[in-house]
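Residue-level structure breakdown
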Amino acid sequence: MRQAVAHVKATFGVSERRACSIIKADRKSVRYRSCRPPDTALRERLRALAVERRRFGYRRLFVLLRREGEPSGKNRIYRLYREEGLTVRKRRSRRRAIGTRAPILIEARPNARWSLDFVHDQFATGRRFRIFNVVDDVTRECLAAIPDTSISGRRVARELTALIARRGRPAMIVSDNGTEFTSTAILAWAQDHGVDWHYIAPGKPTQNGFVESFNGRMRDELLNESLFFSLDHARQKVAAWALDYNTRRPHSSIGYLTPEAFAASLTATGRAAQRSPLDENSEARHHGVSSEGQVTVRRKLRRAELMRFFRDLPPCLIGMEACATAHYWARELSALGHEVRLMPPSYVKAYLRRQKNDAADAEAICEAVTRPTMRFVPVKSAERQAILTLHRTRELLVRQKTTLIRAIRSHCAEFGLVVPQGARRITDLLQLVRETHPSTLPQAAVLTMQMLGAQLDALAVQIRTLERRLLAWHRENETSQRLATIPGVGIITSTALAASISDPKLFKSGREFAAFLGLVPRQNSSGGKERLGQISKKGDGYLRKLLVVGATSVIRRARTGVTPSAGWVQALLERRPSRVVTVAMANKTARIAWAVMARGETYRPIAKV
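Here the residue numbers are simple positions, counted from 1 along each chain's written sequence. Predicted model: local features are reported for residues with pLDDT of at least 70 only, side-chain atom pairs are reported and counted for 80 or more only, and whole-chain, interface and lining totals are derived from all residues. To obtain the side-chain values, all non-hydrogen atoms of the structure were used and water was disregarded.

1. Let's talk about the nonpolar core
Counting 64 residues, the largest nonpolar core has I408, L483, F513 and L519 as the members making the most contacts within it. The way it works is that DSSP assigns letters per residue, a run of H or I at least four long becomes a helix, a run of E at least two long becomes a strand, and they are numbered from the N terminus. At the level of secondary structure, the elements contributing two or more residues to this core comprise α16 (382–413), α17 (426–435), α18 (443–476), α20 (491–500), α21 (510–516), α22 (541–558), α23 (566–573) and α24 (578–599). Residue contributions to this core peak at 11 residues, all from α24. Beyond its immediate stretch of four places on either side in the chain, L519 contacts A514, I535, R544, L547, V548, V583, A586, N587 and A590. Residues enter a nonpolar core if they are buried and are Ala, Val, Leu, Ile, Met, Phe, Trp, Tyr or Cys, with the set joined through side-chain atoms within 4.5 Å. The buried label applies to any residue whose accessible area, calculated with a 1.4 Å probe on protein chains only, is under 20% of its type's maximum; exposed applies above 50%, and partly exposed to all values in between. It only takes one pair of heavy atoms within 4.5 Å for two residues to be counted as in contact.

2. Observations concerning unusual backbone geometry
What is expected of a backbone is that most residues other than glycine have negative phi and most peptide bonds are trans. The phi angle at K24 is positive, at roughly 60 degrees, despite the residue not being glycine. Assignment of secondary structure puts K24 in the loop between α2 (16–22) and α3 (27–31). On the basis of relative accessibility, which here comes to 74%, the residue K24 falls in the exposed class. Positive phi, normally seen in glycine, also occurs at R140, with a value near 65 degrees.

3. Here we look at the pattern of salt bridges
Any carboxyl oxygen of Asp or Glu within 4 Å of a side-chain nitrogen of Lys or Arg constitutes a salt bridge here. Summed over the entire model, instances satisfying the criterion amount to 32 salt bridges. Here R235 makes a salt bridge to D148, at a shortest N to O gap of 3.5 Å. Of this pair, R235 sits in helix α10 (residues 231–247) while D148 is found in strand β3 (residues 142–148), placing the two residues 87 residues apart along the sequence. Relative accessible area serves as the criterion here: at 11%, D148 is assigned to the buried category. A salt bridge links E478 to R482; the shortest N-O distance between them is 4.0 Å. Here the residue E478 and the residue R482 both occupy positions in helix α19 (residues 478–483), the gap between them amounting to 4 residues, near one helical turn.

4. Description of helix α7 (residues 153–167)
Between the first and last C-alpha of α7 there are 21 Å, a value that for 15 residues agrees with the 21 Å anticipated at 1.5 Å per step. Those residues of α7 that fall on the buried side of the exposure criterion are G153, R155, V156, A157, L160, L163 and I164. Next to the buried residues of α7 lie β1 (114–122), β2 (128–136), β3, β4 (172–175), α8 (184–193) and β5 (196–199). Multiplying 1.5 Å by the residue count of a helix minus one yields the expected span of that helix.

5. Comments concerning the packing of helix α9 (residues 209–221) against α10
The packing of two helices is summarised by the inter-axis angle and the distance between the axes. In this description, a line fitted to the C-alpha atoms serves as the axis of each element, helices being fitted only across the stretch in contact, and the angle between N-to-C directions of two axes falls anywhere from 0 to 180 degrees. Contact pair α9 / α10: the axes reach a minimum separation of 12 Å and the direction vectors enclose 120 degrees. If you check the angle between α9 and α10, you find them oblique. The crossing of α9 and α10 is right-handed. In this structure, α9 contributes F214, R217, M218 and E221 to the contact, and α10 contributes V238, W241 and Y245. Residues are grouped as follows: Ala, Val, Leu, Ile, Met, Phe, Trp, Tyr, Cys and Pro are nonpolar; Asp, Glu, Lys and Arg are charged; all remaining types, including Gly, are polar. Its residues assigned to classes, the contact of α9 with α10 shows 5 nonpolar, no polar and 2 charged. Here the word oblique covers every angle except those under 35 degrees (roughly parallel), over 145 (roughly antiparallel) and from 65 to 115 (roughly perpendicular). Crossing handedness is read from the near helix: turned anticlockwise from the far helix by less than a right angle, it gives a left-handed crossing, and turned clockwise, a right-handed one.

6. Notes on the environment of T602
Secondary-structure assignment places T602 in the segment after α24. Overall, T602 belongs to the partly exposed group, its relative accessible area being 44%. Excluding anything up to four places from it in sequence, T602 contacts R482, T485 and V596.

7. Here's the deal with the sheet that holds β5
Only strands that DSSP links by at least two bridges are regarded as paired with each other. Ordered by their spatial adjacency, 5 strands build an open sheet running β3-β2-β1-β4-β5, and the pairing between neighbours is mixed. Both edges of this open sheet fall to β3 and β5, since each of them pairs with a single strand only. Taken over all neighbouring pairs, the strand axes of this sheet differ in orientation by 20 degrees on average, direction set aside. Most of the contacts of α9 go to β1, to which it runs at about 30 degrees, and overall it touches β1, β2 and β3.

8. Side note on the packing of helix α4 (residues 40–52) against helix α6 (residues 74–83)
Between α4 and α6, whose axes approach to 10 Å, the crossing angle comes to 70 degrees. Here α6 runs roughly perpendicular to α4, going by the angle between their axes. Of the residues in α6, those in contact with L42, R43 and L46 of α4 are R76, I77, R79, L80, Y81 and E83. For the contact of α4 with α6, the residue count by class is 5 nonpolar, no polar and 4 charged.

9. Description of the layout of surface pockets
Considering only enclosed or pocket space, the second largest pocket measures out at about 1200 Å³ in volume. Looking at the second largest pocket, it is lined by 35 residues, and the ones nearest its centre are P344, V377, F507, F516 and G539. When its residues are assigned to classes, the lining of the second largest pocket shows 18 nonpolar, 8 polar and 9 charged. The method works on a 1 Å grid over the protein atoms by themselves. A cavity is a set of points holding a 1.4 Å probe that cannot get out, a pocket is an open set with protein on both sides within 12 Å along at least five of seven lines, and residues with an atom within 4 Å of a point line them. Grid points are joined across faces, edges and corners, and a volume is the space filled by probe spheres set on the points.

10. Here's the deal with the pairing of β2
The buried fraction of β2 amounts to 8 of the 9 residues, a majority that puts the element mostly inside the structure. Inspection of the sheet shows β1 paired to β2 by 9 bridges, in the antiparallel sense. Paired with L116 across the strands is V134, a residue of β2. Where β1 folds back onto β2 in an antiparallel hairpin, the turn is made up of 5 residues, including G126, whose phi is positive at roughly 100 degrees. Where β2 meets β3, 6 bridges bridge the pair, whose relative direction is antiparallel.

Written as structure tokens, this is what we have:
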């Protein structure tokens, strides 16, 4: 802009103000002179690093400066980098066909997988040599970089044996189909050492992308920048560069840490998150971080791959949403030595960022599982889940029974056949159907009613069978027997509470347990003003329904004055509607049930004075 203004002034002989008006430029911008300090020391250090690391861009130079204590931000370093003309020239690469690329599956632990490959170069005399590279795919460490003029399959086997003695055995090794890697010596070595050797598809180097990327960095930063005069000289230069790569060079794919620092962070206990549920054909999203918060794994797993993945991981903390199949996976993963914590999905939602998808959900779970204020769901045993299955099935059959009764009543009413209300009266109605004259009730309608009646009888038998199983478990379970001593709590409610609440001490008080069941008013308070509405209806709706139904029977008996709580109920009925009193009684029953479960005592009625 300044050059344009100067050109207009020299060509037309006009003032600066007129020149700025002609080209529509702001005069303040033209007259502005920067007051920034010269940054002489920073520029000199930046140039020195750029000379030392000729193939480093401004991002890696910025990381190196930060390690030295330089407080300048990335934008400032980028400006100085451009002003000093330090931009790295990009080397043109040959065009490659673009195809579908599948993600490489790795496991977040050292020695999970090694990648092998060769890099070729030549001495100053023109004689060629090659470098045998071994890379850890997880930590990105260069485990070995061995230059020599000739490296056979037997030499590869010897070098791998020495490397295993220093570092440990890998779970898998990946290589291309070169003659050295497909030789008899390598096949025998892999069988003797119990290592799973995987060969990539021919013509698919991206399947071995980790070592290919490492080879590119070695060629760009070492081989293209150095002349090698002898094999000893090459060995010295390669060893020095490999040490610098592992201990000093920042790596962009692991958060600009060095491979050595990243490997050290993985040795500490990490945490992982899993999205559930999983059916036979679905996929689960996994997100894992180390103890320092560095992301170590982001991947999808199918159901068949899940146990194999976590079996190979060291013991860690795993967080999951408490939804369908979560308790099963929690039991299975706990058996592998992991610590599994289940969380309500509504509590995890607060840690979700912007967009909602499986990857974002897994990251939110990973963040929420370490919060000290997070409330966790205890893992249910298989026995408790089996008892709850009896309850859910009984509830389903009762709903089906109610549906059949309504259908029979409505169909009969179309022909003028009506009996008093009540489920027990349906037997009288079916008897009336059989005795009605065909002129009033056609034979087709009679056949339909008989079919519905047969289904009703079969449902009644199945419901009685489930109730007998619940009664047998009730007689074996001490907690269920103690809960049954509470007024308004029968066998159905006591077995449901005993099976659902595995650890009542997770609740601080009976009031908190009642709030968990949704038997407290919903709050909408603000500015110091208390606004209480209807009950929140949070938590387990089945338990809440059973408690309310039991409280209804207590209220009915209390009207006669024969129950211990009759005085309290009658005083409340004088001020509140009966349904409100019923919910209040259910709240009180829930608090009593918590005390019975937490303290290991039976119900003690209030002594009459």
